Amino acid sequence: MTIVDGPDRREIDPVAHNRAAWDRQVALGNEWTRPVTPEVVARARAGDWSVVLIGYEPVPRDWFPDPLAGVDVLCLASGGGQQGPVLAAAGAHVTVFDNSPAQLRQDELVAAREGLALRTVQGDMRDLSAFADASFDVVFNPVSNLFCPDLAPVWTECFRVLRPGGRLLVGFVNPDVFIFDAEALDTRGELVVRHSLPYADLTDLDEQERLRVFGPDHPLAYSHTMTGQIGGQLAAGFVLTGFAEAPHHNDATARFLPGYFATRAIKPASPAST
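Described in the following lines is the structure provided in the data block. Since the structure is predicted, the reported quantities are computational estimates derived from the model, not experimental observations. (Residues numbered from 1 in each chain as written. Predicted model: local features only at pLDDT ≥ 70, side-chain atom pairs only at ≥ 80, totals over all residues. Heavy atoms only, no water.)

1. Digging into the packing of aromatic side chains
Summed over all chains, the structure comprises 10 aromatic pairs. Relative to Tyr 199, the ring of Phe 178 lies with its centre 5.5 Å away and its plane at 25°, an arrangement referred to as stacked. Of this pair, Phe 178 sits in the loop between strand S9 (162–173) and helix H6 (182–188) while Tyr 199 sits in the loop between H6 and helix H7 (201–204), placing them 21 residues apart in sequence. An identical accessibility class is assigned to Phe 178 and Tyr 199; each is buried. Taking the ring centre of Phe 159 as reference, the NZ or CZ of Lys 267 above it sits at 4.7 Å. (Phe/Tyr/Trp six-rings, centres within 6.5 Å; stacked < 30°, edge-to-face > 60°. Helix = DSSP H or I, 4+ residues; strand = E, 2+ residues; numbered from the N terminus. Buried < 20%, exposed > 50% of the residue type's maximum accessible area, 1.4 Å probe, protein only. Lys NZ or Arg CZ within 6 Å of the ring centre and 35° of its normal.)

2. Describing the packing of helix H2 (residues 38–45) against helix H4 (residues 101–114)
Where H2 meets H4, the axes come as close as 11 Å, and the angle between the chain directions of the two elements is 65°. As summarised for this structure, H2 and H4 are arranged roughly perpendicular, according to the angle between their axes. The chirality of how H2 crosses H4 is right-handed. In this structure, H2 uses Pro 38, Val 41 and Arg 45 to contact H4, whose residues at the interface are Val 110, Arg 113 and Glu 114. Partitioned by chemical class, the residues of the contact of H2 with H4 number 3 nonpolar, no polar and 3 charged. (Axes fitted to C-alpha atoms, helices over the stretch in contact; angles between N-to-C directions. Parallel < 35°, antiparallel > 145°, perpendicular 65-115°, else oblique. Left-handed = near helix turned anticlockwise from the far one by under 90°. Contact = heavy atoms within 4.5 Å. Nonpolar A, V, L, I, M, F, W, Y, C, P; charged D, E, K, R; others polar.)

3. Things to note about the nonpolar core
Formed by 41 residues in total, the largest nonpolar core has its most connected members in Trp 49, Phe 64, Val 73, Leu 87, Val 94 and Phe 140. Looking at this core, the element that brings in the most residues is helix H3 (residues 83–89), giving 4 residues. If near-sequence neighbours (up to four positions away) are discounted, Val 73 is found in contact with Leu 87, Ala 92, His 93, Val 94, Thr 95, Phe 136, Val 138 and Phe 140. Counting 25 residues, the second largest nonpolar core, distinct from the first, contains Leu 76, Phe 136, Leu 151 and Phe 238. (Core = buried A, V, L, I, M, F, W, Y, C linked by side-chain atoms within 4.5 Å.)

Laid out in structure tokens, this is it:
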């Protein structure tokens, strides 16, 4: 566990903790760390491709530019050898940015195996200073910002690195699923309301309970709020142009409410008037 010295107590560094946690998830074979097969890449090269933002739901093709060939795509917090290689095989110029070096190695593995041109960059999704202004046509961010402590800098940076008219595609967890006691939900399938929102593993669970319920290899999660998710995109300057939802793919809450939301937003071609 990674900790840093604070003025009154030692605190966990969530970025470093989650980097190590996702590196371990790769070793454990988490489903979101398993590289796509050669067959998936071959179909994508032939024009038969799909990627996911939320659960197992394919992103509508009209959320992407058409044609995709030559489009500059930033796969944000999207390592694992899945979405990036598929989009590269479909003709996009892809950069995969992720906090986890092991996740990025999965993308590099597929790129080398399939002869794909694909760039990987390691870093914190709140800091995209590795990229110049107006570098990309699409930022593709599947469910991952629950592992980020704050969202406002993410949206600001996405807006900066997109070209005018560029698209931000985001998947995120419905904050409401975090009100339930995780142990009751995961072990017994019971929906026991326990937490107020916004929720964070670090502040709503003590270390002993966190380790008992999730184990040492679990990334730290934050519920965020709909204001932080959608309101944050709007505050950064985006215009929302698409919305979708899906049940959580492996959670008892799927019987009662959507577990995921997805948004498509556009960076206006010219500054919005007020």
